[in-house]
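Close look at the chain arrangement
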Amino acid sequence: MADLDVPDAEPDVDPDHTVDNRGRGCANGIVRVQRALEDLPPGAVLEIRSTDRRAKTEYPELAAETPHELLAVVEERPLVRKRYTTYLEIHE
């Protein structure tokens, strides 16, 4: 969704759980994310690491369709491949 306001600054939080989806497509990794969302208590922060450029749209859309709050999607450009780190705060 182009109209989503996606923060891009790393939030000042310590994640409670990390899902490392680097090297996986968002479609494959979303199952791992959904499991983590179900297992975490309200107020917890989920960090999602990805190398799939669709992370910039897929995870904000997921947050928009659920009660969870998108804190940020941070894009990094190391030497070879872009990395995306998404932060979601869990809500009921």
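To start, this report covers the structure provided alongside it. (Residues numbered from 1 in each chain as written. Predicted model: local features only at pLDDT ≥ 70, side-chain atom pairs only at ≥ 80, totals over all residues. Heavy atoms only, no water.)

It is worth spelling out the pattern of salt bridges at this point. The full count for this structure, using the stated rule, is six salt bridges. Residue E47 pairs with R49 through a salt bridge whose shortest N-O separation is 3.3 Å. Judged by relative accessible area, R49 falls into the partly exposed class, the value being 31%. Residues R54 and D52 are paired through a salt bridge, measuring 2.7 Å at the closest nitrogen-oxygen approach. The class of D52 is buried, set by a relative accessible area of 11%. A single network of salt bridges, built from pairs that share partners, joins K56, E75 and K82. (Salt bridge = Lys/Arg side-chain N within 4 Å of Asp/Glu carboxyl O. Buried < 20%, exposed > 50% of the residue type's maximum accessible area, 1.4 Å probe, protein only.)

A few words on the pairing of strand β3 (residues 69-76). Where β3 lies against strand β4 (residues 83-89), seven bridges are found, and the strand directions are antiparallel. Bridge pairing links E69 to E89 in β4. (Pairing = 2+ DSSP bridges. Helix = DSSP H or I, 4+ residues; strand = E, 2+ residues; numbered from the N terminus.)

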